[in-house]
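Summary of structural features
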Amino acid sequence: MRRGLLLQSVILLLMMLILAGLHCGYQYLKDRYETAVSAQPVVLFSTDLTHFEALLEQLENKPYIASYSLVSNADIAESLIKTYNLMPTEELLYDSGLPHMLTLRTMPGSFDRVAHDELMALIKYQGAAIEVEYNETLYRHYLRRLIAVNNAYTYAPWLWCGFICIVALFLRLYFLHRSQGFWKVYQAAGGHQGMKTRSFVIDTLWLCTTPAALTFLAYCLLKMRYQLECTLEPLNLLYGVAACILATLIVATTGAIKKL
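The following paragraphs examine the structure supplied in this document. (Residues numbered from 1 in each chain as written. Predicted model: local features only at pLDDT ≥ 70, side-chain atom pairs only at ≥ 80, totals over all residues. Heavy atoms only, no water.)

Our focus in this paragraph is the pattern of salt bridges. Taken as a whole and judged by the stated rule, the model has 3 salt bridges. Between glutamate 118 and lysine 62 there is a salt bridge, and its shortest N-O distance comes to 2.9 Å. Taken together, the residues glutamate 118 in helix α5 (residues 113-125) and lysine 62 in the loop between α2 (49-58) and β2 (65-71) connect sequence positions 56 residues apart. Under the relative-accessibility criterion, glutamate 118 is labelled partly exposed at 31%. With a relative accessible area of 24%, lysine 62 lands in the partly exposed category. (Salt bridge = Lys/Arg side-chain N within 4 Å of Asp/Glu carboxyl O. Helix = DSSP H or I, 4+ residues; strand = E, 2+ residues; numbered from the N terminus. Buried < 20%, exposed > 50% of the residue type's maximum accessible area, 1.4 Å probe, protein only.)

This is how it looks when you write it as structure tokens:
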């Protein structure tokens, strides 16, 4: 019986570790794609500085704007002079026809499709005087991946908890069936009638809590040693514990204990 309990514990521990891996893997991919979505800046060019001033007023309190930098055409001309060792003339500095440049950097995790469309609408509202340098294809590529990861995470942990419940159910039924011979000998030898129920309750507490506790302990140790970036909350594992409890309740309602 103890070997059966140990085997069940190992199997459920592995399943809890996979559940923890689902949560940490989701956070890793989510952070990666959110960073990729906001990695490239939105670069704007205009010969009229007032358009940028009006745009910045509208973007002042937008949470998806992390920072911005505004470079005038005179600054661009001076940079070109220094880079290519040109003669700094007044015409080159002020009458060169170079545009002003505004660089917008977006906030990871906030620049979703709604924020993107709003930003582009605000830029377009300023008229055709603003030219936009932005790789829409790359943005939509990583946004699709981010949406896919979020959608998968909506269902994957619940499906896995359902699988944990099914596995725990069949494990309990299988090992209860195997213990029938032991309990018959135990009762024939004058053993206490309620001992099998007590043993079932103790085994249930062990199987429902120990795998989750060991998984969370392993996470804490790894986080302290390797500075893991993912965050695993006890609630994430409690869903797995609830799945084991549900399997136990199903076993109890089938009358499998009484048949021992």
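Okay, the packing of α5 against helix α6 (residues 136-178) next. At a closest axis distance of 11 Å, the pairing of α5 and α6 adopts a crossing angle of 155°. Of the possible angle classes, the one that applies to α5 and α6 is roughly antiparallel. Two secondary-structure elements touch here, α5 through Arg113, His116 and Met120 and α6 through Glu136, Tyr139, Arg140, Leu143 and Ile147. Partitioning the contact of α5 with α6 into residue classes produces 4 nonpolar, 1 polar and 3 charged. (Axes fitted to C-alpha atoms, helices over the stretch in contact; angles between N-to-C directions. Parallel < 35°, antiparallel > 145°, perpendicular 65-115°, else oblique. Contact = heavy atoms within 4.5 Å. Nonpolar A, V, L, I, M, F, W, Y, C, P; charged D, E, K, R; others polar.)

Let's shift gears to helix α9 (residues 234-253). The terminal C-alpha atoms of α9 lie 28 Å apart, and with 20 residues this matches the ideal 28 Å at 1.5 Å per residue to within 8%. Asn236, Leu237, Gly240, Val241, Ala243, Cys244, Ala247, Thr248 and Val251 are the residues of α9 that are buried. What you see down the axis of α9 is that its buried residues fit within an arc of 155°, all on one side. Across from the buried face of α9, at angles greater than 90 degrees, the exposed residues are Leu249 and Thr253. (Expected span 1.5 Å × (residues − 1). Arc of directions from axis to C-beta.)

According to the stated counting rule, one finds 9 aromatic pairs in the structure shown. Between tyrosine 64 and phenylalanine 111, the aromatic rings sit 6.1 Å apart at their centres with planes inclined by 40°, giving tilted as the arrangement. One end of the pair, tyrosine 64, is in the loop between α2 and β2; the other, phenylalanine 111, is in the loop between β3 (100-106) and α5, and 47 residues separate them in sequence. Each member of the pair, tyrosine 64 together with phenylalanine 111, is buried. Pairing phenylalanine 216 with tyrosine 219 gives two aromatic rings, centres 5.8 Å apart and planes at 40°, and the pair type is tilted. Placement of both phenylalanine 216 and tyrosine 219 in helix α8 (residues 195-226) is noted, with a separation of 3 residues, approximately one turn of the helix. For tyrosine 219, a relative accessible area of 10% corresponds to the buried category. (Phe/Tyr/Trp six-rings, centres within 6.5 Å; stacked < 30°, edge-to-face > 60°.)

Unlike most non-glycine residues, glutamine 227 shows phi in positive territory, near 55°. Note that glutamine 227 resides in the loop between α8 and α9. With relative accessibility at 60%, the residue glutamine 227 sits in the exposed group.

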